[in-house]
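Structure at a glance
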Amino acid sequence: MDLSALPADFRWGVATSAYQTEGAVDADGRLSSIWDDFCRTPDAIDGGDTGVEASDSYRRWPADLDLLQRLGVASYRFSIAWPRVQPHGTGAVNQPGLDHYDRMVNDLLEVGIQPFVTLYHWDLPSPLQHRGGWVARDTAYRFADYAGLVAQRLGDRVVDWSTINEPLCCAWIAHLEGTMAPGHRDLREAVHASHHLLLGHGLAAEAVRAQSAVKPSVGIVLNLSPCEPASPSPDDLHAAERADGHTNRWWLDPLHGRGYPNDMVEVYGIQPPVQPGDLEAIATPLDFVGVNYYFRMKVAADDTVATLGYRAVPVAGANTTAMGWEIHPNGLRDVLLRVTKEYEPQALYVTESGAAFVDVPDEQGYVRDDDRADYLRAHIEATAAASADGAPVRGFYSWSLIDNFEWAYGYRPRFGLAYVDYATQQRTIKYSGETYARLVREFQKTPRRA
Ligand code: IFM
């Protein structure tokens, strides 16, 4: 594998999020989040699964730290649970909740692993949802307050911060498609939520900068997909532009000072509720853009689909993961180069790349997941290819450290580099995890350009 284009200080990491892994939903003063509520909604989650236990990471942090060390990664991207730190979403810090993350940061630094903190990975405190959630402008201000409180405590040691993970999911999937918390289906709500998420990002980024004792590197994490027409017909070409607007440009444009794309405002027929100063706040300079990449989209025009007028079509003959997502590593190269060319970011991180496959553990709990190892290698190669062509990509985070709660899909899809036996919560590094550890070791041994 040719990784020579990657910089010498390229950062190898793994990622998780709080609600997907922690469990312990009542511990140390934590209160409910919208995902706890959504999991109680009949038929919302496959198999009626919930995050009540998840991978028990809140209590098993030492075991997860041990895995991180065995993988030899330089950085751990994890999220902080807002409902642990500020259980009501406002007011004073719940110290025991924040103490947990303080300990994690210290433990990571002690073994030479850089913490990469995500402030919001979807677990909005329920009391804020009762006041309108992200549809309400006030939530953006509450998010900035929370971000400032966390930075006040951790910002003397944490350098890398991402504000929001995948605003696309929080706005479109959670408020338009209705399959993520809070499970609404309302275009106006979705557009308003999208604006308040971006505003929350901008205000929170400034709060982190104001409260950190060491100079922070602050960015946002977007799930981006190349959007390609299913055929060369003009209708499909326009459909692909709309898909790109909805998936990529709606986020990238305002974050880079270009405001919301007019073509999409027209498609939605709804103006985002922009107030004076908002677009400037949203366009606060980004130290990096985090890219989560899972699949490309092929789209065909379809008048029967409300508002957007397109549908995703399967790619003939494509290999797919257990999620049914096409395996297309070149799409990662494409999105990294596209962001580089059109938005000129300071730095890029691949903040998530990974795949669910059907894992069959042997008697010792070991999973020989060649499919996931191949996937990993191919996406790392695509990252190196983007770097060779000029993308300022500084790190790669595999999703995920361990198997965890895959939202509405429950526990069936497994993305981990380590297998979790949910009956015992025992972790066993899979073949893909060993492959990643080997690759990281080899990379560190090979001399490279500075
Ligand atoms: O598990 C999710 C994660 O929470 C956000 N990015 C995509 C992953 C796989 O679906």
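Now for a description of the structure that goes with this document.

**Here we look at the packing of helix 13 (residues 330–343) against helix 14 (residues 370–388)**
Two numbers describe a pair of packed helices, the interaxial angle and the distance between the axes. Closest axis-to-axis distance for the helix 13/helix 14 pair is 8 Å, and the angle between their directions is 30°. In terms of orientation, helix 13 lies roughly parallel with respect to helix 14. Helix-helix and strand crossings are classified by hand; for helix 13 and helix 14 the assignment is right-handed. In contact with Leu332, Arg333, Leu336 and Leu337 of helix 13, helix 14 contributes His379, Ala382, Thr383, Ala385 and Ala386. In terms of residue class, the contact of helix 13 with helix 14 is made up of six nonpolar, two polar and one charged.

**Points about the environment of Met323**
Position of Met323 relative to the elements: it lies in the loop between strand 9 (310–312) and helix 13. Take Met323: its relative accessible area is 12%, and that puts it in the buried class. Apart from the residues lying within four places of it in its own chain, the contact partners of Met323 are Ala356, Glu406, Tyr409, Pro413 and Phe415.

**Quick look at the pairing of strand 1 (residues 11–15)**
In terms of burial, strand 1 is largely enclosed, as five of its five residues are buried. Residues Arg11, Gly13 and Ala15 of strand 1 are buried on one face, and the alternating residues Trp12 and Val14, pointing to the opposite face, are buried as well. With five bridges connecting them, strand 1 and strand 11 (residues 393–399) associate as parallel partners. Directly across from Val14, in strand 11, lies its bridge partner Ser398. Both strand 1 and strand 2 (residues 75–79) contribute to a ladder of three bridges, which runs parallel. Paired with Val14 across the two strands is Tyr76, which belongs to strand 2.

Definitions and cut-offs
Residues numbered from 1 in each chain as written. Predicted model: local features only at pLDDT ≥ 70, side-chain atom pairs only at ≥ 80, totals over all residues. Heavy atoms only, no water. Axes fitted to C-alpha atoms, helices over the stretch in contact; angles between N-to-C directions. Helix = DSSP H or I, 4+ residues; strand = E, 2+ residues; numbered from the N terminus. Parallel < 35°, antiparallel > 145°, perpendicular 65-115°, else oblique. Left-handed = near helix turned anticlockwise from the far one by under 90°. Contact = heavy atoms within 4.5 Å. Nonpolar A, V, L, I, M, F, W, Y, C, P; charged D, E, K, R; others polar. Buried < 20%, exposed > 50% of the residue type's maximum accessible area, 1.4 Å probe, protein only. Pairing = 2+ DSSP bridges.

The values are spatial; any link to function lies outside them.
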